[in-house]
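Fold and geometry: a report
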Number of protein chains: 2
Amino acid sequence: MPQPDSPDPARASVASPWDGVADRLRASGLRWTPQRRNLVEVLREHEGHVTATDLIARCRELDGTTTPSTVYRTLDVLENLGLVRHGHAADGREEYHVLPEHVHGHLYCVGCGTTWEIRPETGALIVDALAADLGFSVDLTHVTIAGRCEGCQE
Amino acid sequence: MPQPDSPDPARASVASPWDGVADRLRASGLRWTPQRRNLVEVLREHEGHVTATDLIARCRELDGTTTPSTVYRTLDVLENLGLVRHGHAADGREEYHVLPEHVHGHLYCVGCGTTWEIRPETGALIVDALAADLGFSVDLTHVTIAGRCEGCQE
DNA sequence: GTCGCTATTGCAACGCGTTGCGCTACGATC
DNA sequence: GATCGTAGCGCAACGCGTTGCAATAGCGAC
Ligand SMILES: [Mn+2]
Ligand SMILES: [Mn+2]
Ligand SMILES: [Zn+2]
Ligand SMILES: [Zn+2]
């Protein structure tokens, strides 16, 4: 059942953070290219975590000539706009979080390979502990902690 | 001044965990090869953290024919014996901790590139927080948290 | 000291990500 | 719509780490 409470002067399309990308780029002297359009197209269809390799593969479906370096460079740009955030899985591979709502770290289970977000309160605990310890200021977005999930113990 | 309290039936040489490696390997059907001898020689001269790349370079000084894959494989073996422990720096490169006294995680400052150990009590705090959160059992040895040290803030 | 089993080596190829460089084409200006 | 400065592109090479495979060489047994 569609939610009846949404304000809708323009019912046709829901506003998406991706809609403004082209303008946001141009506003800072950057450019809106076919390659970037493709990547954004691909990102639109994702929610949550995706591997850089997956993104490249999907882009190559849209355009067979897609080059990895271009994708990585565009991901950097989008990360500066706050539209994606990357971390590193336990094997070191890059994992992108699309449209992150809040800064958060990740847990990675070496048993089943699943990734979880660290809840904000728990994240805050970690940040505070290390601030108290050495005055260290943690970059939570980049934190991936490896271990075993409840189901994979022993 | 030499500490006068050490028990010394064999004054000549201090017992080192490295002395027993050859036998420990052979005891489990593994072999003591010139390549492994070299790596252990190199590890003897280190205390604390070393990059895999550094170790390979030092090995190559002892033997110009040293191959990376062999070094990595031997490091794996030594890690199983508990003689080294590896983690990943913020850039993903492997960092080995030689003769770790206790399990611990690491902090990496993206400002100055320095690495610190997380103190046991602080580490325990993190482990407990995540156990309480999702029943997740953290592998502290593999944890490297990026951020900025006290001197590199702002 | 010799023999034989198999752990280990070196090599070559791969996967992921980064970087430098010359050429292309975006898009602001007129 | 044509011009032009420069952001971004593709490409080629690099660095780090891993893996499969055929050849080598530890080392335990005799
Ligand atoms: Mn990173
Ligand atoms: Mn690792
Ligand atoms: Zn699991
Ligand atoms: Zn620092």
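About the thresholds
- Residues numbered from 1 in each chain as written.
- Chains lettered and ligands numbered in written order.
- Predicted model: local features only at pLDDT ≥ 70, side-chain atom pairs only at ≥ 80, totals over all residues.
- Heavy atoms only, no water.
- Domains from an automatic or database assignment.
- Contact = heavy atoms within 4.5 Å.
- Buried area = accessible area lost by both parts, 1.4 Å probe.
- Near = heavy atom within 4 Å.
- Polar contact = N/O pair within 3.5 Å; in protein donor to acceptor, adjacent residues only side chain to side chain.
- Helix = DSSP H or I, 4+ residues; strand = E, 2+ residues; numbered from the N terminus.
- Donors = N, O, S within 2.8 Å, 3.2 Å for Na, K, Ca; no water.
- Buried < 20%, exposed > 50% of the residue type's maximum accessible area, 1.4 Å probe, protein only.
- Salt bridge = Lys/Arg side-chain N within 4 Å of Asp/Glu carboxyl O.
- Nonpolar A, V, L, I, M, F, W, Y, C, P; charged D, E, K, R; others polar.
- Pairing = 2+ DSSP bridges.

Let us look at the domain arrangement of chain A. All names here are of chain A. According to the domain assignment, chain A contains domain 1 (21–98) and domain 2 (106–153). Distance between the C-alpha centres of domain 1 and domain 2: 25 Å. If you look at the interface, domain 1 gives 9 residues, while domain 2 gives 8 residues. When domain 1 packs against domain 2, the two sides together hide about 730 Å² of surface, and 58% of this comes from carbon and sulfur.

With that settled, the discussion passes to the protein's contact with DNA strand D. The local shell around DNA strand D holds 21 residues, among which A:Arg36, A:Thr70, B:Trp32, B:Tyr72 and B:Glu94 are the closest. Close to the protein, within 4 Å, the atoms of DNA strand D belong to sugar or phosphate groups at a rate of 66%. A distance of 3.3 Å separates a base nitrogen of DNA strand D from a polar side-chain atom of A:Ser69. B:Arg73 is positioned such that a nitrogen or oxygen atom in its side chain is 3.3 Å from a base oxygen of DNA strand D. Of all the secondary-structure elements, those providing two or more residues to the surface near DNA strand D are helix 2 (34–44) and helix 4 (68–80) of chain A together with helix 3 (52–62) and helix 4 (68–80) of chain B.

Turning our eyes to something else, we now look at the coordination of the manganese ion (ligand 2). All names here are of chain B. Only His86 (NE2), His88 (NE2) and His142 (NE2) from the protein reach the manganese ion (ligand 2) as donors, at distances of 2.2 to 2.5 Å. Motif for the manganese ion (ligand 2), donor spacing along one chain: H-x1-H-x53-H. Taken together, the residues His88 in strand 2 (residues 84–88) and His142 in the loop between strand 6 (137–138) and strand 7 (144–148) connect sequence positions 54 residues apart. The exposure class assigned to His88 is buried, which follows from its relative accessible area of 17%.

Right, let's get into the interface of chain A and chain B. With 30 residues of chain A at the interface, the matching set in chain B holds 30 residues. Between chain A and chain B lies a buried interface of about 2400 Å² when both sides are counted; carbon and sulfur atoms form 68% of it. When the buried area of chain A at its contact with chain B is split by residue, A:Asp133, A:Leu134 and A:Phe136 rank highest and sum to 22% of it. At the surface where chain A touches chain B, the tally comes to 2 salt bridges. With a shortest N-O distance of 2.9 Å, B:Arg119 and A:Asp133 are connected by a salt bridge. For the pair chain A and chain B, the number of links is 10 residue pairs in polar contact (both at pLDDT 80 or more). Ranked by the residues each element gives to the side of chain A that touches chain B, the list is headed by helix 5 (residues 120–134) of chain A, at 7 residues. When the residues that make up the side of chain A that touches chain B are grouped by side-chain class, the tally is 17 nonpolar, 7 polar and 6 charged. Note: strand 7 (residues 144–148) of chain A against strand 6 of chain B, 2 bridges, orientation antiparallel. When the bridges of strand 6 of chain B are listed, A:Gly147 appears paired with B:Val138.

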